[in-house]
Amino acid sequence: MAREQRRRGPPRLGQVRFFGSVVAADSFREDAIAGLSLPQKTLPPKYFYDARGSRLFEAICRLKEYYPTRCELSLTRGHLGEIARFVGKNCTLVEYGSGDSVKSRLLIGALHPAAYVPVDISEDALRNASDRLRREFPWLSILAVNGDFSRPLKIPLLTRQGRRVIYFPGSTIGNLTPEEAHAFLRMTRGQVGPEGAMLVGVDLKKDANLLHAAYNDARGVTAAFNLNLLARINRELKGDFDLRRFRHYAFYNAALGRIEMHLVSLRRQSVNVGRYRFAFEAGETIHTENSCKYSVEEFRALAAEAGFRGAKVWLDRKGLFALHGLVAV
Ligand code: AVJ
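Residues numbered from 1 in each chain as written. Predicted model: local features only at pLDDT ≥ 70, side-chain atom pairs only at ≥ 80, totals over all residues. Heavy atoms only, no water.

Side note on the overall build of the chain
Looking only at helices and strands, the chain has eleven helices and 14 strands in total. For the chain, long-range pairs separated by at least 24 residues make up 70% of all intrachain contacts whose partners lie at least 6 apart in sequence. Carbon and sulfur atoms provide 52% of the accessible area of the chain, an area that totals close to 15200 Å². (Helix = DSSP H or I, 4+ residues; strand = E, 2+ residues; numbered from the N terminus. Contact = heavy atoms within 4.5 Å. Areas by Shrake-Rupley, 256 points an atom, 1.4 Å probe, with all protein chains shown as cover.)

Given below as C-alpha cells:
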C-alpha cells in the first residue's frame with residue numbers, strides 16, 4: 001500500500017484509487033472456530049457480509065418493518081444543510097462500512113469534501129459503489145479501502161488534508177457492546193485528530209414491539225440473512241451445517257438495551273467445520289449479533305468518555321433514529 005503511494009504519487013482529482021484487502025485471509029476461519037468453541041457459541045456479525053449476505057442486507061433495508069435505513073435517509077435529507085455546516089467544506093470524509101454508499105451520495109453532494117475514503121469489508125460492494133460515485137462526482141478523489149474498520153486502519157495519506165471527518169452511519173456501532181463501542185470511539189478519536197469530527201448514526205431505544213418486528217420480518221429476509229452465516233461456513237470453511245436444523249431467533253434484551261440475534265439448534269446434533277467438530281444440545285444457540293440501542297443522552301455520555309463532545313443531534317420525524325455530530329475535545 002505504502003509502496004504504491006510512493007510510486008504513483010498523490011491521487012489526482014476524479015480518480016478512484018483502490019487499496020487492496022487488508023483483511024487477513026484466515027481470520028474468518030480462526031474467528032469462527034474460536035467463537036464456536038465458547039460456552040455461549042458466538043459468530044462475529046462482520047462475517048454476514050459476503051456477496052450473498054450483502055445482497056440480503058440490502059433487501060432488509062427495503063423491508064417495511066426495517067425502519068432504520070428509511071429513517072436515517074429521511075433525516076439526512078431533511079437536515080442536509082445543517083449537517084454540511086457542521087462538517088464544513090473541503091474535509092476528508094472517511095466512511096466506515098460504506099456498503100452501497102446511498103447516504104454518502106447525499107452527503108458528498110452537500111459537503112463537497114476534498115476526498116472521500118470509503119472503507120468496507122465487502123470488496124464487491126466497495127468497487128461498485130466507488131465506480132458509481134466516480135461517475136457521479138468526477139471532481140472527487142476517492143480512496144477506496146477494502147478493510148475491516150474494527151481494527152486500526154492505515155488510512156492513506158493525502159496531500160490536501162483538510163479536516164478529517166469519520167462518517168459511521170446505519171447504527172453499525174450498535175453491533176459493539178458499550179465497552180467495545182467506547183474502545184472503538186477512542187480509536188477513531190485518535191484517527192481524526194484534534195480538529196476532527198464524527199457523524200454517527202445510532203438507533204434509538206423504543207417500543208420493543210417495533211424493534212421485534214424489525215428483526216423478525218414477515219418475509220423471512222432477516223432469517224435468511226442470519227442463516228447465510230452457516231451457509232458461508234459450509235462454502236468457505238468446509239462446514240456441514242444442515243440449515244434446516246437451525247432457526248433464526250431475535251429478541252429485545254431490555255436489560256442490556258439491545259436486540260440479540262441467535263441461531264437455535266432445533267435438535268441435539270454435531271457439526272463439522274474443517275477438522276473441528278462442535279456438539280449442540282437441542283435449543284442451544286449461536287449468538288450471531290447484538291444491535292444496541294441508545295437514547296440521545298446515553299450515546300452522548302459514551303462519546304464523552306471517548307474524547308468527543310456531542311455537539312449536534314438530528315432525529316427523523318418519528319424520533320426513531322438519531323444522527324450524532326461529535327467533535328473532538
Ligand atoms: C447493519 C448492524 C445496523 O443491527 O440493525 C439488520 C444489521 N441485522 N437486521 C442492525 C441487521 C439484522 C444492522 N446493522
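Further notes follow.
Quick notes on the site of the ligand
Looking at the ligand, there are 14 residues lining it, with Tyr66, Gly170, Tyr215, Glu289 and Ser291 nearest. Here Tyr215 contributes a side-chain N or O atom positioned 2.5 Å from an oxygen atom of the ligand. Within the complex, 97% of the 350 Å² of free accessible area of the ligand lies under protein. Those elements that place two or more of their residues in the shell around the ligand are α3 (51-61), α10 (221-237) and β12 (285-292). A per-class count over the shell around the ligand returns seven nonpolar, six polar and one charged. (Near = heavy atom within 4 Å. Polar contact = N/O pair within 3.5 Å; in protein donor to acceptor, adjacent residues only side chain to side chain. Nonpolar A, V, L, I, M, F, W, Y, C, P; charged D, E, K, R; others polar.)

So, the environment of Phe86
Mapped onto the elements of the fold, Phe86 is located in helix α5 (residues 80-87). Through-space distance from the C-alpha of Phe86 to that of Leu326 is 9.5 Å; in sequence the pair is 240 residues apart. Beyond its immediate stretch of four places on either side in the chain, Phe86 contacts Arg163, Ala197, Met198, Leu199, Ala311, Lys312, Trp314, Gly325, Leu326 and Val327.

Things to note about the sheet that holds strand β2 (residues 41-42)
Across the sheet, four strands lie side by side as β2-β12-β9-β8; this open sheet has mixed pairing. The two strands at the open ends of the sheet, each matched to only one other strand, are β2 and β8 (246-253). Relative to strand β9 (residues 258-265), β8 runs antiparallel, the two sharing eight bridges. Pairing of Asn253 across the sheet is with Arg258, part of β9. (Pairing = 2+ DSSP bridges.)

Considerations on the side chain of Asp50
If you trace the backbone, Asp50 turns up in the loop between β2 and α3. What makes Asp50 buried here is its relative accessible area of 10%. Sequence-distant contacts of Asp50, defined by excluding residues within four places in its chain, comprise Asn228, Arg232, Arg235 and Glu236. (Buried < 20%, exposed > 50% of the residue type's maximum accessible area, 1.4 Å probe, protein only.)

Things to note about the packing of helix α2 (residues 27-36) against α10
At a minimum axis distance of 11 Å, the contact between α2 and α10 shows a crossing angle of 125°. The orientation of α2 with respect to α10, classified from their angle, is oblique. Crossing angle aside, the handedness with which α2 passes α10 is left-handed. Each of Phe28, Arg29 and Ala32 in α2 lies in contact with α10, whose residues at this interface are Arg232, Ile233, Glu236 and Leu237. Grouping the amino acids of the contact of α2 with α10 by side-chain chemistry returns four nonpolar, no polar and three charged. (Axes fitted to C-alpha atoms, helices over the stretch in contact; angles between N-to-C directions. Parallel < 35°, antiparallel > 145°, perpendicular 65-115°, else oblique. Left-handed = near helix turned anticlockwise from the far one by under 90°.)

Some words on the confidence of the model for the chain
For residues with low pLDDT, the predicted coordinates do not support detailed interpretation. Averaged over all residues, the pLDDT of the chain equals 91, while 90% of them reach at least 70. A low-confidence stretch, residues 1-7 stays under pLDDT 50, and its non-local contacts, those more than four residues away or across chains, total eight contacts. (pLDDT = per-residue confidence, 0-100.)

A word on the packing of aromatic side chains
With the rule as written, the count across this model stands at 21 aromatic pairs. For the pair Phe48 and Tyr49, a centre-to-centre distance of 6.3 Å together with 90° between the ring planes defines the contact as edge-to-face. Residue Phe48 is classed as buried on the basis of its relative accessible area, which comes to 0%. Taken together, a centroid distance of 5.2 Å and an interplanar angle of 75° make the contact between Phe149 and Phe168 edge-to-face. One end of the pair, Phe149, is in the loop between β5 (141-146) and β6 (164-168); the other, Phe168, is in strand β6, with 19 residues separating them in the sequence. Given the relative accessible area of 1%, Phe168 is considered buried. (Phe/Tyr/Trp six-rings, centres within 6.5 Å; stacked < 30°, edge-to-face > 60°.)

Side note on the pairing of strand β13 (residues 308-315)
Inspection of the sheet shows β13 paired to strand β14 (residues 321-328) by seven bridges, in the antiparallel sense. Looking at the pairing, Leu315 lines up with Ala322 of β14. Counting the residues in the hairpin turn of β13 and β14 gives five residues, including Gly319, whose phi is positive at 70°.

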